[in-house]
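Reading the structure
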Amino acid sequence: MPKASAHTDRPFKGIALILASTVFLGLSDVTAKYLSSSLPSIEITWIRFLVFALIMSPAMIPGSPLYALQTNRRRLQFMRGAAVLGSSLFFITGLGFLPIAEASATGFVAPMFVTALSIVFLNEVVGLRRWIATGVGLFGVLIILRPGTSAFHVAAIFPLVSALCWACTLIMTRMLSGTERAITTMTYSSIAGLLILSVLVPFVWVAPTWQAIAFGVFIGVASTAGQWIVVLAFRYADASVLAPFSYTQLIWVSLLGFLVFGEIPDKWTVVGAGFIVASGLYTAHRERVRRSQLLQAVGETSPNA
């Protein structure tokens, strides 16, 4: 089985790619919020995964040069695909009720969930400083959501669950890394999501207009492009280098949220987002330090040291 692509240390190219991905992903999220006023979230997500699967279809055809369904970890691939679906579905559901900047900022709590899950599934040791960073991030979420006050909206649970699903996705991606090609993982994600949603969508189906179909196709293309660009970015730089730049997506969604929906993030969303971003940046820094220490322990030098 082909190995995953080797890492090449070209951080500026990786950063440029991750910045480009945030534009595509931000446009996808804004379009999904626009569609949520006329179509159920399950149907929007189904259209998204249908387009995703169609884009990946050359990798599903035996004999094709791009055929990528060979794997010895099919069960884990489908589990990861279900987690990707959960992240997308819960986030789009939340967009129907929440300002996009608030939902997006809350969704960036995923690295904190990864910290906790890595202990259980990857047997990682998490130090006190990373736990403090996680606590800071969760405090930022509480600032944004303000539970127990009139400002709290129960739909705020959706982006939190979405973040948890995405954290599970990242954990399983790490478990698959080194043995699975990116195209294999992407293809199985599209198949798993489409199969599950095809069972659910008949129960909520609303006949879409041609305009809605066009927007749905755009969501599928933009989100798939964004995900693929992220995969490419990680070929050129470490996660700890790229993580800070992924937060620029908050800028795009806030700007587009204002232009399209007239939404202006309130001060609590801005302050809470600041705590979440600071937590994420410190967590990325600690990952960088930990990786450098591991490489030095085996007599290697970190390419980004």
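Our subject is the structure that appears above.
Residues numbered from 1 in each chain as written. Predicted model: local features only at pLDDT ≥ 70, side-chain atom pairs only at ≥ 80, totals over all residues. Heavy atoms only, no water.

1. Re the packing of aromatic side chains
Here is the rule: Two rings from Phe, Tyr or Trp (for Trp, the six-membered ring) form a pair when their centres are within 6.5 Å of each other. A pair whose planes differ by under 30 degrees is stacked, one over 60 is edge-to-face, and the rest are tilted. A helix here means a DSSP run of H or I that spans at least four residues, while a strand means a run of E at least two residues long, and both kinds are numbered starting from the N terminus. Note on exposure labels: buried denotes an accessible area under 20% of the residue type's maximum, exposed denotes more than 50%, and partly exposed covers the range between, all computed with a 1.4 Å probe on protein chains only. The rule is short: NZ of Lys or CZ of Arg within 6 Å of the ring centre and within 35 degrees of the ring normal puts a charge over the ring.
Taken as a whole and assessed by the stated rule, the structure comprises 7 aromatic pairs. Relative to Phe-158, the ring of Phe-90 has its centre 6.3 Å away and its plane inclined at 20°; by these criteria the two rings are stacked. With Phe-90 in helix H3 (residues 74–95) and Phe-158 in helix H7 (residues 157–176), this residue pair connects regions lying 68 residues apart in the sequence. When its relative accessible area of 26% is taken as the criterion, Phe-158 is described as partly exposed. Summarising the aromatic geometry, the rings of Phe-108 and Tyr-247 are spaced 4.9 Å apart at their centres and angled 40° between planes, so their arrangement reads as tilted. Taken together, the residues span a long stretch of sequence, with Phe-108 in the loop between helix H4 (100–107) and helix H5 (110–121) and Tyr-247 in the loop between helix H10 (239–246) and helix H11 (248–261) at a distance of 139 residues. Here Phe-108 matches Tyr-247 in class, with each residue buried. Its guanidinium or amino end placed over the ring of Phe-261, Lys-33 lies 5.5 Å from that ring's centre, counting from NZ or CZ.

2. Observations regarding the packing of helix H1 (residues 11–35) against H11
Where we set the bar: Fitting a line to C-alpha atoms yields each axis, with helices limited to the stretch in contact; the angle taken between N-to-C directions then spans 0 to 180 degrees. For any helix crossing, the convention is left-handed if the near helix is rotated counterclockwise from the far helix by under a right angle, and right-handed if that rotation is clockwise. The criterion used for residue contact is that any of the two residues' heavy atoms lie within 4.5 Å. Put simply, Ala, Val, Leu, Ile, Met, Phe, Trp, Tyr, Cys and Pro go in the nonpolar bin, Asp, Glu, Lys and Arg in the charged bin, and everything else, Gly too, in the polar bin.
Their axes nearest at 9 Å, the elements H1 and H11 cross at an angle of 35°. Seen from above, H1 lies across H11 with right-handed handedness. Contacts between H1 and H11 pair Leu-19, Thr-22, Val-23, Leu-25, Gly-26, Leu-27, Asp-29, Val-30, Lys-33 and Tyr-34 from the former with Thr-248, Gln-249, Trp-252, Val-253, Leu-256, Val-260 and Phe-261 from the latter. Classifying every residue of the contact of H1 with H11 by side-chain character gives 11 nonpolar, 4 polar and 2 charged.

3. Quick notes on the packing of helix H8 (residues 182–200) against helix H9 (residues 210–233)
Using the following cut-off: When describing relative orientation, an angle under 35 degrees is termed roughly parallel and one over 145 degrees roughly antiparallel, while 65 to 115 degrees is termed roughly perpendicular and anything else oblique.
The N-to-C vectors of H8 and H9 enclose an angle of 155°; their axes lie 11 Å apart at closest approach. It follows from the interaxial angle that H8 and H9 lie roughly antiparallel. At the point where H8 passes H9, the crossing takes the right-handed sense. Counted together, Ala-182, Ile-183 and Met-186 of H8 and Thr-224, Gln-227, Trp-228 and Val-231 of H9 form the full contact between these two elements. Tallied by class, the residues present in the contact of H8 with H9 amount to 5 nonpolar, 2 polar and no charged.

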